[in-house]
Structure formats: structure tokens, C-alpha cells
Amino acid sequence: MTWRGLAALLVLWFCAPADGAPPAWPPKLWLNSDCGTPVFYRFDPPMKSEHLTRVLDDLPGTAVDAFLPCPQFSDDQFWFPLKSAEPYDGRQVPDGKFEDKYFKRVAGNVRSLVQQKLDPMVIWQERAHRNGLMFIPSLRMNDVHKDYIDLWPSLRSAWERKRQHLLIGKAIPNWYTHPYTHSWAMDYAKAEVRDRKLTIITELCTVADVDGFELDFLRSGLFFRRGEETRGRDLMTDLVRRIRVMLDDLGRKREKTLRLVVRVPTSIKQCLQQGLDVPRWIRDDLVDMVVPMAGGYLDMTAPVEEFVALAQKTDCQVAGGLEYYIRGYIKPGQQGITNASLERLRAGAASFWDRGVDAIYLFNYDCHGQFPFTGGKRQALNEIHDHAKLAGTDQHYFVTREMSQKTPVGTGYKQLPAELDQRGKRSTFTWHVGDNVPTEPGPEDPRRGRLIVRTSLSPKVDVTLKFFINGKPVAPTRRNGTVFVFDQPPVTRGRTRLDIRMDPPRNRTVRVEEIEYLLSRDLPKS
């Protein structure tokens with residue numbers, strides 16, 4: 001055990017928690033707030049302290065025990081003035097012609113806070129601690145909203161405009177799906193970029209009584225220019241190490257343990273490809289928690305077990321990350337993006353807990369969908385933090401589709417969409433069920449199971465598909481056009497493997513679009 005782990009245990013042994021004291025490490029349910037949609041976008045100027053704490057004031061009565069506010073409006077612009085960086089206060093739009101009405105509202109709110117001498121970081125920290133929450137600000141390490149060239153040029157800071165040689169520019173890696181040929185993302189191979197980030201993070205940790213800090217590497221995958229990602233791993237690790245040292249030094253002065261959290265891509269392979277040597281960060285005791293999750297959409301099939309295995313015999317914790325948006329799985333006639341239901345949130349959390357995570361982490365939960373939290377969205381906040389509370393509940397599992405619709409089939413990191421092998425070789429899809437599954441519904445567990453496989457295969461096409469669940473051949477209960485439905489399939493707790501193949505082989509393109517598994521008391525009739 002490292003000295004930080006031993007120090008934390010000593011605090012737990014000898015310090016009785018007071019009312020409103022932050023929870024023991026690690027908190028079980030984390031909520032990351034971008035502070036934009038529910039706060040700065042929500043109110044006209046002047047902004048008041050009760051506006052700033054709108055999200056925090058909605059959390060009492062839930063199991064959330066860690067609050068992670070994002071201090072940035074854009075990548076290099078903040079909700080408030082810093083000595084080291086500019087606020088988004090309207091100076092970026094001297095003619096007053098903002099690209100979006102909400103940008104104008106933000107600038108007015110920022111100016112009003114300055115006039116009232118209200119510091120959001122201090123207000124958030126004080127309210128978080130009063131509510132018994134850990135307070136861990138989260139910095140987006142490269143947010144590329146500013147890349148929307150014709151839409152939002154005011155999102156680029158004066159510092160960036162004067163130093164365009166420090167940007168990724170046109171050297172976008174080939175593996176990165178990007179709608180533009182030029183990126184304003186900062187190049188972390190440049191010492192000036194790394195030094196600037198450390199200076200900003202140090203100031204943010206100094207102005208408020210933080211309990212730690214999070215480095216969010218998921219607002220884009222761009223950190224190094226094309227071909228420089230492998231060499232960049234040591235450079236990024238050095239920055240993480242410097243931030244670790246800064247937090248340790250500050251923690252000793254404040255007589256508390258300050259935690260370093262990193263939010264990273266869902267697989268070790270993807271982390272390394274982007275220049276993020278997360279295995280080394282864990283091995284060298286640089287980080288206290290790793291949050292592997294998809295950027296932008298819920299991915300309950302994320303291989304968190306890779307990180308859990310790496311963290312064994314270390315002090316590093318692993319959290320399973322849940323988003324509120326879902327890629328695909330659109331109902332007939334649906335308008336807009338699919339939101340995560342209570343049943344889907346339960347399934348994602350149960351799956352992660354069953355694979356050994358130490359916490360559940362919510363991103364954009366207050367930004368997307370209904371807020372303040374009511375109904376199933378609020379109910380989830382009192383269930384998903386505890387694996388035992390999820391046992392026996394209705395759950396809705398699904399296999400994640402590729403995050404970017406521009407990614408060619410079969411070339412991304414997600415299992416779907418996929419094209420079946422025309423030679424008859426099996427295509428494999430997996431997901432992890434985090435709860436016991438009754439063989440048949442009964443008084444103790446009345447839930448039924450249903451597997452739904454959506455394909456591109458029309459009934460008019462002379463192609464036969466064969467299905468296998470955990471090695472056992474299964475036949476669909478019924479077929480509705482391109483959709484195959486299996487009632488009470490032989491799915492059990494743990495890793496489920498679904499194999500699909502053409503039998504006999506055919507020179508036809510057949511895509512598997514979506515796979516979902518429902519475990520419910522009240523299944524739909526169709």
C-alpha cells in the first residue's frame with residue numbers, strides 16, 4: 001500500500017465524520033456537471049449564488065456523494081476570471097453579435113458575477129461540503145467545440161489565437177473521425193501547452209478547498225499530432241506526474257488527501273492510441289481513480305474489467321461511467337436522440353458493479369434530459385450506487401453502437417453495426433448481465449427475458465441466419481421483418497455471448513444493427 005492509501009486509512013480510523021463532512025473514499029455515486037445548460041444558460045443576468053448552486057441544491061435526498069463541476073465554458077475560456085486564463089465575458093465578441101443567444105447570456109452572467117465579486121468555485125465548494133459531497137473540479141483537457149469553424153469562432157481564446165503553432169492544426173490523426181480538416185485542439189507535445197494546463201489546474205485547486213481534481217480526456221481524442229501519439233505518452237505521463245506532485249504538496253499543506261481522477265476512453269488500446277499511458281499511471285500510483293467510458297453516449301459494454309484487472313493490488317479505484325444519451329435504438333416515429341431509461345441505467349450500473357468497479361459515475365446527467373431530476377431519472381440516483389438495490393429490478397441491456405456515424409462498419413471500437421461474414425463464419429457479440437436471471441418467472445422473481453436482434457435482412461432475401469447463445473443453438477420465437485425476437489433465451493448472469501452466422505453461406509451483405517436484452521416483469525407484447 002502507498003503512503004496516500006495508508007494516510008487515507010488513518011483518517012478513517014481516527015477521525016469521526018462530522019455533519020456535512022465529505023464521504024469516505026471512494027464515493028459511490030459521482031455526478032459531473034458542465035454547469036452550462038442547468039446554470040449559466042438557464043438564467044438571464046444578473047446571476048445569483050442560488051443560481052450557481054441549482055444543481056447542488058437538487059441533490060439532497062439522492063445517493064450522489066461526489067460533485068464534479070466543469071469550470072470551463074470552452075476549452076481555454078472559463079465561467080469566471082483566472083489569473084492564468086480568460087473568462088467568457090463578451091470580450092471575444094466586440095461587436096456584440098454573438099453566434100448564439102445563450103453565449104450572450106453566459107457573457108452577461110460572467111460579467112455580473114465579477115461585478116458582485118462572486119467566485120463560482122468557492123460557492124460550489126462551500127455548498128458541496130455543506131451537503132456532504134466530495135468536491136472535485138473537472139478540467140476538459142481538449143474540448144473541440146471550438147472546431148465548429150463557421151459556427152462558434154468566439155470559443156477560441158486570445159491565448160490560442162496568438163499561438164496557433166501550438167495546435168494540432170491539419171495534422172489530425174488518421175484514426176480520428178473529424179468533420180473538419182483543421183483542429184484547434186492543443187498539441188500536448190509542446191511544453192508550453194503542458195505548462196499552461198498545469199498552471200490553470202494549480203490555480204483552480206488553490207482558490208477553493210478542493211478534495212481532488214479530475215483530468216477529463218474524453219471531450220476529444222486529440223492530444224498529439226498525427227504520428228506523434230506513441231512518443232507523446234511519456235510527455236503526457238510527465239504532466240500527470242507533475243499534477244500528482246502538486247496535489248500531494250497542496251494536500252500536505254491542507255492536511256488532507258487530494259485525489260487525482262482521470263476520465264479516459266473505454267479500452268486500454270484506445271487510450272494508448274491517443275497517447276494516454278493509463279496502465280503506467282495506475283502502475284506508478286499517479287492516479288486515484290480511473291473512469292473508462294465513451295465520450296458522448298452510454299456504453300454499458302465498455303470493457304471496464306481491463307482497468308479493474310490493472311488496478312488490482314494498487315490503491316487505484318475504477319468507476320463505471322454512465323451517459324444519459326444513447327446512440328441508436330430509436331423507436332418508430334421518435335424525434336431526436338434516445339435517452340437512457342431507468343431500466344437502462346440500472347442495467348449499465350449492474351453490469352459495471354458485477355465486473356468489479358468501485359463506483360458509478362454520471363456524465364451530462366443534469367445537462368441532457370429532464371432537470372430538476374424527477375421520476376425515473378431521480379429514482380436512479382437512489383438505486384445505481386448500490387448493486388444490492390438493483391437485484392430483482394427491471395433492466396434493459398443493449399450492445400453499444402459506434403459513437404460516430406461516419407465510422408465505417410467494423411472499423412471502430414464498438415461491436416455494432418457489424419456485417420456478417422459471407423463465408424458462414426460466426427460473428428460474435430457480447431454483453432454482461434449484472435443480475436441473476438430466472439430460468440422461468442415465479443413468485444420470487446417474476447421477470448421474463450427477451451432478446452431482440454435487429455438486422456438489415458429482409459424476409460424476401462434467401463438467406464438463413466443461425467443463432468447461438470453461450471454456445472447453445474437457439475431459434476427465434478418470432479420474426480418481425482428484419483427483427484428477430486427470442487423469448488426466455490438461455491441468458492444467465494455474467495458474460496453473454498451471441499454468435500450469428502449465415503447458414504448456408506451467401507454472397508449477401510447482412511448487417512447486424514442493434515442487440516438488446518430485456519429483463520422485465522412487463523415485456524411489450526411485440
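On a predicted model such as this, the values are computed, not experimentally measured, just so you know.

Caption draft 1: Quick look at the packing of helix α7 (residues 191-207) against helix α8 (residues 229-254). Relative to each other, α7 and α8 sit at 20°, their axes nearing to 11 Å. Between α7 and α8, the interaxial angle falls into the category roughly parallel. Where α7 crosses over α8, the handedness of that crossing is right-handed. Residues Arg194, Asp195, Leu198, Ile201, Thr202, Cys205 and Thr206 of α7 touch α8, and the partners they reach there are Leu235, Leu239, Arg242, Ile243, Met246, Leu247, Leu250 and Arg254. A class-by-class count of the residues in the contact of α7 with α8 yields 9 nonpolar, 2 polar and 4 charged.

Caption draft 2: Examining the packing of aromatic side chains more closely. A complete count under the given rule lists 22 aromatic pairs for this structure. With centroids separated by 5.2 Å and ring planes inclined at 40°, the aromatic side chains of Tyr365 and Phe373 adopt a geometry described as tilted. According to the relative accessible area criterion, Phe373 is buried, its value standing at 2%. By the ring-pair criterion, three or more aromatic residues cluster together here, those being Phe40, Phe73, Trp79, Tyr88, Phe98, Phe103 and Trp152. Note that Arg327 overlies the ring of Tyr297, its terminal NZ or CZ placed 4.3 Å from the centroid. For Lys377, the ring lying beneath its charged end belongs to Tyr365, and the centroid distance is 5.0 Å.

Caption draft 3: The sheet that holds strand β3 (residues 72-74), seen in detail. Read from one edge to the other, the open sheet built from 3 strands follows the order β3-β4-β5, with strand pairing classed as mixed. The open sheet has two free edges, formed respectively by β3 and β5 (86-87), since each of these has just one partner strand. For β3 and strand β4 (residues 77-78), the ladder comprises 2 bridges, and the chain directions are antiparallel. Bridge pairing in β4 places Ser74 opposite Gln77.

Caption draft 4: Seen up close, the sheet that holds strand β19 (residues 427-433). Taken together, 4 strands build an open sheet; the order of strands is β19-β25-β21-β22 and the sheet is antiparallel. Two strands lie at the open edges of the sheet, namely β19 and β22 (472-474), each paired on one side alone. Averaged over neighbouring strand pairs, the angle between their axes works out to 30° when direction is ignored. As defined by bridge partners, strand β21 (residues 465-469) adjoins β22 across 3 bridges and the pair is classed as antiparallel. The residue of β22 that forms the bridge with Ile469 is Lys472.

Caption draft 5: Representation of the nonpolar core. One finds Trp124 and Trp281 to be the most contacted residues of the largest nonpolar core, which totals 136 residues. Every residue in contact with Trp124, bar those within four places of it in the chain, is listed here: Cys35, Phe40, Leu52, Leu56, Phe67, Pro69, Trp79, Phe80 and Phe135. By size, the runner-up hydrophobic cluster in this structure holds 15 residues, among which are Trp25, Ile136, Leu218 and Ala319.

The rules we used
- Residues numbered from 1 in each chain as written.
- Predicted model: local features only at pLDDT ≥ 70, side-chain atom pairs only at ≥ 80, totals over all residues.
- Heavy atoms only, no water.
- Axes fitted to C-alpha atoms, helices over the stretch in contact; angles between N-to-C directions.
- Helix = DSSP H or I, 4+ residues; strand = E, 2+ residues; numbered from the N terminus.
- Parallel < 35°, antiparallel > 145°, perpendicular 65-115°, else oblique.
- Left-handed = near helix turned anticlockwise from the far one by under 90°.
- Contact = heavy atoms within 4.5 Å.
- Nonpolar A, V, L, I, M, F, W, Y, C, P; charged D, E, K, R; others polar.
- Phe/Tyr/Trp six-rings, centres within 6.5 Å; stacked < 30°, edge-to-face > 60°.
- Buried < 20%, exposed > 50% of the residue type's maximum accessible area, 1.4 Å probe, protein only.
- Lys NZ or Arg CZ within 6 Å of the ring centre and 35° of its normal.
- Pairing = 2+ DSSP bridges.
- Core = buried A, V, L, I, M, F, W, Y, C linked by side-chain atoms within 4.5 Å.

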